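# Descriptive analysis of the structure
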Amino acid sequence: MTLSAQAAKQHTEPEILITEMVQQHGFDKKYLEKLFAQVKIKQSILKAMRRPGEAKPWFEYRKLFVTPKQIRQGVAFYKQHQKALQAAERQYGVPAPIIAAIIGVETRYGRNTGSYRVLDALSTLAFHYPKRATFFRKELVEFLLLMQEISMPPLTAKGSYAGAMGIGQFMPSSYRKYVVDFNGDGKRSIWEVNDAIGSVANYLQAHGWQAGQAIIEATQVQSGTADALLALGLKPKYNLTQLRKKGLLFSGKLPAKQKASLVMLKTETGEAYWLALPNFYVITRYNHSRRYAMAVNQLAENIDFQFHIQQRF
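Below, the structure is looked at part by part.

## Quick word on the overall build of the chain
Along the chain, the regular secondary structure elements total 15 helices and seven strands. In terms of overall dimensions, the chain has a C-alpha envelope of 65 × 50 × 35 Å along the principal axes. Relative to its 313 residues, the chain shows a buried fraction of 49%. Taking contacts inside the chain between residues at least 6 apart in sequence as the whole, the part at least 24 apart equals 68%. For the chain, the computed accessible surface area is about 15,900 Å², with 49% contributed by carbon and sulfur atoms.

Here is the structure:
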């Protein structure tokens, strides 16, 4: 595509979206034209999309999130917001340490919710990132609808380079669908910590969280069978009896009918295998990464252990 053709395309795409918002959702055309005239396309966002942290091997990725500092801050967050975390656990069935760990991985317990204007981020990716333009264009539409619903000026909302917002880093479509008013003030705000806690729990429950069930178990596989087991996918479709026939070597106490999948992650000493249960898969619905889900699980385990140790004294 020539430079002139690119410029024409970049000029017309916002106009097409504006027309869509006017015709389909009743927005004022002049308002949107004025709004998009203030959008700033960020090259730093496009660079960030090309180097996501999820590309790191597990043993390096883990060091970003499962650290003594993150665990200490997680315990402090648990203590400070214990009432809301435990209320969310009772209502949605999601353990308080898992909720805390997701918030810890996403925003360092609310300390870093993002500095990009969400409108800039989503416009940059919708109009200048062809690889995922369809997804981000949809989120841009959802964002405009959301800002109208919660009466928030679009240029004031800030988030990540990918357009995720608030303490729980919800994309606009997820915000509209899963954010709850958990503090009872009549508003749904992902920037308010109690609402964020309830919303993270609500999101996981809605995606199939099984209360009281395990998340992941270490396992081994027969030589030469790992690739075939991994090829079955991350979603738990097969039970342990079926997986054992395919080469799984798991000697734990889970029932034979338990559905699971195999996860392999690279450690400093080589490849390691885990049996991923449905709740592990649910965590990957928050971020579609095995490394992410493992980091959340291990951070949660450490927060839970340290919290209860300190409660004894």
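## Here we look at the pattern of salt bridges
Taken as a whole and judged by the stated rule, the model has five salt bridges. As a salt-bridge pair, Glu268 and Lys63 come within 3.3 Å of each other at their nearest N and O atoms. With Glu268 in the loop between strand E6 (259-267) and strand E7 (270-276) and Lys63 in helix H4 (residues 58-65), the pair connects residues that are 205 residues apart, well separated along the chain. Lys63 matches Glu268 in its accessibility class, with the two residues each being exposed. Look at the salt bridges and you will find they share partners, linking Glu142, Glu149 and Arg176 into a network.

## Here we look at the packing of helix H14 (residues 278-286) against helix H15 (residues 290-311)
Where H14 contacts H15, the axes come no closer than 8 Å and their chain directions differ by 115 degrees. Relative to H15, the element H14 lies roughly perpendicular. Crossing of H14 against H15: the hand is right-handed. Each of Phe280, Ile283, Thr284 and Tyr286 in H14 lies in contact with H15, whose residues at this interface are Arg290, Tyr292, Ala293, Met294 and Val296.

## Let's talk about the side chain of Asp195
Position of Asp195 among the secondary structure elements: in helix H11 (residues 193-206). No salt bridge is formed by the buried Asp195. Its closest oppositely charged neighbour is Arg188, at 7.9 Å. In contact with Asp195, not counting residues within four places along its chain, are Val180, Asp181, Phe182, Asn183, Lys187, Arg188 and Ser189.

## Notes on the sheet that holds strand E5 (residues 248-249)
One open sheet holds the five strands; their spatial order is E4-E6-E7-E3-E5, and the pairing between them is antiparallel. Whereas interior strands pair on both sides, the edge strands pair on one side only; in this sheet they are strand E4 (238-239) and E5.

## A closer look at helix H5 (residues 68-80)
Within an α-helix, residues lying three or four positions from one another point in the same direction, as the helix has 3.6 residues per turn. In a regular helix each residue adds 1.5 Å, so 13 residues correspond to 18 Å; H5 covers 18 Å between its end C-alpha atoms and thus fits that length. Buried residues of H5: Gln70, Ile71, Gln73, Gly74, Val75, Phe77 and Tyr78, and no others. Turning to H5, the residues buried within the fold contact H4, helix H6 (82-92), helix H7 (96-107), H11 and H15.

## Things to note about the side chain of Thr219
Tracing the backbone through its elements, the reader meets Thr219 in strand E3 (residues 216-221). If we ignore the near neighbours within four places in the chain, the residues touching Thr219 are Leu248, Leu249, Phe250, Leu262, Tyr273, Trp274 and Leu275.

Each value, and the rule that gives it
- Residues numbered from 1 in each chain as written.
- Predicted model: local features only at pLDDT ≥ 70, side-chain atom pairs only at ≥ 80, totals over all residues.
- Heavy atoms only, no water.
- Helix = DSSP H or I, 4+ residues; strand = E, 2+ residues; numbered from the N terminus.
- Buried < 20%, exposed > 50% of the residue type's maximum accessible area, 1.4 Å probe, protein only.
- Contact = heavy atoms within 4.5 Å.
- Areas by Shrake-Rupley, 256 points an atom, 1.4 Å probe, with all protein chains shown as cover.
- Salt bridge = Lys/Arg side-chain N within 4 Å of Asp/Glu carboxyl O.
- Axes fitted to C-alpha atoms, helices over the stretch in contact; angles between N-to-C directions.
- Parallel < 35°, antiparallel > 145°, perpendicular 65-115°, else oblique.
- Left-handed = near helix turned anticlockwise from the far one by under 90°.
- Lys, Arg positive; Asp, Glu negative; His and termini not counted.
- Pairing = 2+ DSSP bridges.
- Expected span 1.5 Å × (residues − 1).

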